[in-house]
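Inside the fold
Each chain, written out:
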Amino acid sequence: MLTNYLKTAFRNFTRHKSSFLINVSGLSIGLACSILILLWVLDELSVNRYHDDIDRIYQVMEHQVYANGQVFTFTATPGPLAPALVEEVPEFEYAATYTWNINYLFTHNANSLKGSGIYARPDIVNILTFDIVSGNPAEWLTEPNTIVVSDEFAGKIFSDEIPLNQTMVVEGDRLYKVVGVYRTFPENSTLQFDFILPFHDFETRNEWVNSWGNNGPRTLAKLRAGVDPELVSDKIKNFIKERNEGSVVDLFLYPFADLYLHGRFEHGQVVGGRIEYVRLFSIIAVFVLLIACVNFMNLSTARSITRAREVGIRKSIGAGRGSLIGQYIGESIVVSFFSLIVALILVELFLPAFNNLTDKQVTLDLTTLNIYLMLAGITLITGLVAGSYPAFFLSAFDPVKTLKGKVISSKGEVLIRKGLVVFQFSLSIVLIVSTILIYMQIQYVQTKNLGYEKENLLYFPIEGELRANWEPFRSEVLAIPGNTNISRSTHHFLGRSNNTSGVGWPGKDPDEHVLFESIWVDYDLIETFGFEMANGRAFSREYGADSAKVILNETAIDIMEIEDPVNSSITLWGQDAEIIGVLKDFHYEHLRNGVAPLFMLLNPSIPTMQAGYIRVQTDDIRNTLERIQQAHENFNPAYPFDYRFVNERYAALYRSEMRIGKLSQYFAIFAVIISALGLFGLSSFTAEQRRKEMSIRKVLGASFAGIAGLHSKEFIKLVFIAVVIAAPVAYYFMNTWLQDFEYRISISWWVFAASGLLALVIALTTVSYQAIRTAVANPVESLRYE
């Protein structure tokens, strides 16, 4: 019986080649898109989950709760926290302090190489899963001036030498001995570092980190087996308050595995993160596949009359409805598996471009059983969904009527077929609207006036001998034609970096705590960036005591409610500071967030003054950059001039949104292509069905335009209905997405009009071929035998 069903299926495929090719093309594109998205989703869900005992690993985090109702959530914690937790809270098996990634220059013999790594306490080896290449991990990070490195980094700097027990010079003046080598963490790890240095060495060079009142490093912990993390969170909630009077910190545990996907907090609550994109593209994958399935349903039911006699004969010789349903669903599954083969070829072809677009290294590993089960599952579901309605519809034919040739498409069947066209075009239009709005929002944030001139502004790190040689380097750079200003700061102006609640002002409630961003700058920083002064003046060499002065932004003044701020006094960490100027608000973090209060202090000698900026105003950028690079080499020969333009660094803030926009664009195009394929197939069959009717109309005097319009009108009407349905759905989803941005575009009516017009043009273009073909056909050919 199965062999007979397969023969029948292949006979029908060869008899109706155009329908078969349209179905396979649509399902192949739909399956290929869904498989690519599924690979991306699986990669996202796997991030940080390869560590052993991942369900026991937690990030120790802070809610900073202020009297004005604001709650800020940070991963930064005090330096002494990790050892104190292990010592005083028995539920903690291990806890490790580690820093943010720091870039250092390493030298071994004649090789010099910059690497990015961290300082960490020894317990990090017991918490995270390291693939040990050499060395004894029990001894790692226990002694000062020792280092462990990744195998990739070791291969670059030591070449063919055995890394263990070799020495390297760090930052030109510190000698470190390699005591261990580990394999580089996989791509699906948020923690990526070329090296790890003992946290003891960081403490020695940064005394501030030992204070319970200062935050900076992160704390990672591993709980003992069987411990309830919620109870532990409650237990440590006041841990910092008990050690730092006046603290506003509530400590809590957050699963390390969840931080990547669910890492965005508002008012102390998890409100999302990258999981939103995972959900979005999962929905898109389902949409695209559904559109392809709708094509199959429509073409199968449209051609039902051509198979009616077959159904009648099968039923008359005893075939039950169940066997017929099985046959037609079986045919659908055969088409789905055939489409899967084509889809896998498409996936392999487009996977490199997809990885480049998503900045991932996903692969389709056909050597694992799970992949085969996943693909088989998707294909079976696709086949069942695509074949379900045609199977039940065809199997319900009355055998007597079909054998007499009296099967006529019922109104119900026609309505369902039209409804399916409306459904697939509605989904396509939702994707088109979403793509347009995502693009508009990205363009908005990229071009919005940030309150300073980000174009032609050069950023470079201040490292090595450049710190000591800053003034002569500055003078040489300013002597280069085209350079108008140069300065430096502790801040990168791409997000929150250093903040404090230690600000006081006249009339402030003693119980009120407000978090201010604190920025230390050198002279000319305000002029270099092009920040505008709302009141007062910038720091100037003409005044001798500006190091005791402060500049605030408008938001800070609004919070303080100081009517005449210039020459007024506030306190910073208990010390008086005179306000000499007020900056107009400018954006220094992601536009998801509003402008936070900040202050600037003048302190050119602070060790963390590591961000340099040069304002370049010239048409000969290449020559100017070469001369700046030469100046850098003169004063800091051991380090490369690693520069970037600020507008490029700002654009990188929205890399995720730009990738999402690109992906949405491509998948919307594929969805439209699939819908157009289905509409083409359906219009072709409709033209065939109405061939005689159109011939009679033509004989009776119908014009070319009349015939073509009559054929197209029905499909255009369906697409118009789809526009009406899709508009509110798209508005709801995109308005929800835009709410995540403090600064966002408004959703204009023309977006829906343009999307609808585009869908109508695509539909008209798709059906126009058949409409024209029908209009120019010779009626004699259709009516010859009537």
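Residues numbered from 1 in each chain as written. Predicted model: local features only at pLDDT ≥ 70, side-chain atom pairs only at ≥ 80, totals over all residues. Heavy atoms only, no water.

1. Regarding the overall build of the chain
To be explicit about the condition: Each helix corresponds to a stretch of at least 4 residues labelled H or I by DSSP, and each strand to a stretch of at least 2 residues labelled E; elements are numbered beginning at the N terminus. Each residue gets one of three labels from its accessible area relative to the maximum for its type: buried under 20%, exposed over 50%, partly exposed in between, using a 1.4 Å probe on protein chains only. All accessible areas in this document rest on Shrake-Rupley with a 1.4 Å probe, and a residue is counted as covered only by the protein chains that are shown.
The secondary structure content of the chain amounts to 23 helices and 26 strands. Counting every position in the chain, which comprises 786 residues, the buried fraction comes to 51%. Working note: accessible area of the chain is about 35700 Å², and carbon and sulfur atoms make up 55% of it.

2. With respect to the side chain of Glu-44
Quick note on the threshold: In protein, a polar contact means a hydrogen-donor-capable atom and an acceptor-capable atom, both N or O and within 3.5 Å, with residues adjacent in sequence counting only if both atoms are side-chain atoms; elsewhere, any N or O pair within 3.5 Å suffices.
Looking at the secondary structure, you find Glu-44 in helix H2 (residues 17-46). For Glu-44, a relative accessible area of 0% gives the class buried. Separated by 2.8 Å, the side chains of Glu-44 and Tyr-260 make a polar contact.

3. Let's talk about unusual backbone geometry
Here Asp-53, not a glycine, exhibits a phi torsion of approximately 55°, which is positive. Position of Asp-53 relative to the elements: it lies in the loop between H2 and strand S1 (57-65). Of note, the phi angle at Glu-171 is positive, near 55°, even though the residue is not glycine. Relative to the helices and strands, Glu-171 is located in the loop between strand S8 (167-170) and strand S9 (174-182).

4. Focus on the pattern of salt bridges
Note the threshold: We define a salt bridge as a side-chain nitrogen of Lys or Arg found within 4 Å of a carboxyl oxygen belonging to Asp or Glu.
Following the criterion strictly, the structure yields 30 salt bridges and no others. Between Arg-243 and Glu-88 there is a salt bridge, with the nearest N and O atoms lying 2.3 Å from each other. Here Arg-243, found in the loop between helix H7 (229-236) and strand S12 (249-255), pairs with Glu-88, found in helix H3 (residues 81-88); they are 155 residues apart in sequence, far enough to count as distant. Judged by its relative accessible area of 26%, Arg-243 is partly exposed. Close ionic contact of Arg-474 with Asp-524 constitutes a salt bridge, the shortest N to O distance being 3.2 Å.

5. Overview of the environment of Pro-597
How we decide: Whether two residues are in contact is decided by their heavy atoms: any pair within 4.5 Å suffices.
Inspection of the secondary structure assignment puts Pro-597 in the loop between strand S23 (575-583) and strand S24 (598-602). With 79 residues separating them along the chain, Pro-597 and Ser-518 place their C-alpha atoms 9.0 Å apart. Excluding residues within four positions of it along the chain, Pro-597 makes contact with Arg-496, Val-514, Leu-515, Phe-516, Glu-517, Asn-553, Thr-555, Ala-556, Ile-559 and Tyr-588.

6. As for the pairing of strand S16 (residues 483-489)
Defined as follows: For two strands to be treated as a pair, DSSP must find no fewer than two bridges joining them.
Among the seven residues that make up S16, six are buried, leaving the element largely enclosed by the rest of the structure. Two strands pair when backbone bridges link them, and S16 and strand S25 (residues 611-616) are joined in this way by six bridges, in the antiparallel orientation. Counted as the bridge partner of Asn-483 is Val-616 from S25.

7. Let's talk about the side chain of Lys-360
Relative to the assigned elements, Lys-360 resides in the loop between helix H10 (321-358) and helix H11 (369-394). Taking relative accessible area as the criterion, Lys-360 reaches 10% and is therefore assigned buried. Within the structure, Lys-360 has its side chain in polar contact with the side chain of Glu-44 (distance 2.6 Å). Discounting residues that sit within four places of it in the chain, Lys-360 has contacts with Trp-40, Asp-43, Glu-44, Tyr-260 and Asn-355.

8. Topic: the packing of aromatic side chains
The description of an aromatic ring pair uses the distance of the two centres, along with the angle that the planes make with each other. For clarity, the cut-off: Any two rings among Phe, Tyr and Trp, with Trp reduced to its six-membered ring, count as a pair given centres within 6.5 Å; such a pair is stacked if its planes are under 30 degrees apart, edge-to-face if over 60, and tilted if neither.
A complete count under the given rule lists 48 aromatic pairs for this structure. Each ring, one from Trp-470 and one from Phe-473, has its centre 5.9 Å from the other, and the planes form 50°; the classification is tilted. Here Trp-470 pairs with Phe-473, and both are found in helix H14 (residues 470-478), just three residues apart, close to one helical turn. Looking at Trp-470, the relative accessible area reads 1%, which means it is buried.

9. Overview of the packing of H14 against helix H17 (residues 621-635)
Basically, it comes down to this: Under this scheme, a helix contributes an axis fitted over its contacting stretch, all axes are lines through C-alpha atoms, and angles between N-to-C directions fall in the 0 to 180 degree range. Put simply, angles under 35 degrees are roughly parallel, angles over 145 are roughly antiparallel, angles from 65 to 115 are roughly perpendicular, and the rest are oblique. When the near helix sits turned anticlockwise from the far one by under a right angle, the crossing is termed left-handed; a clockwise turn instead gives a right-handed crossing. Polar here means any residue outside two lists: the nonpolar Ala, Val, Leu, Ile, Met, Phe, Trp, Tyr, Cys and Pro, and the charged Asp, Glu, Lys and Arg; Gly therefore counts as polar.
Between H14 and H17, the shortest axis-to-axis distance is 10 Å and the interhelical angle comes to 160°. Comparing the axis directions of H14 and H17 gives the class roughly antiparallel. For the pair H14 and H17, the sense of crossing is right-handed. In contact with Pro-472, Phe-473, Glu-476 and Val-477 of H14, H17 contributes Ile-628, Ala-631, His-632, Asn-634 and Phe-635. Residues that form the contact of H14 with H17 fall into these classes: six nonpolar, two polar and one charged.

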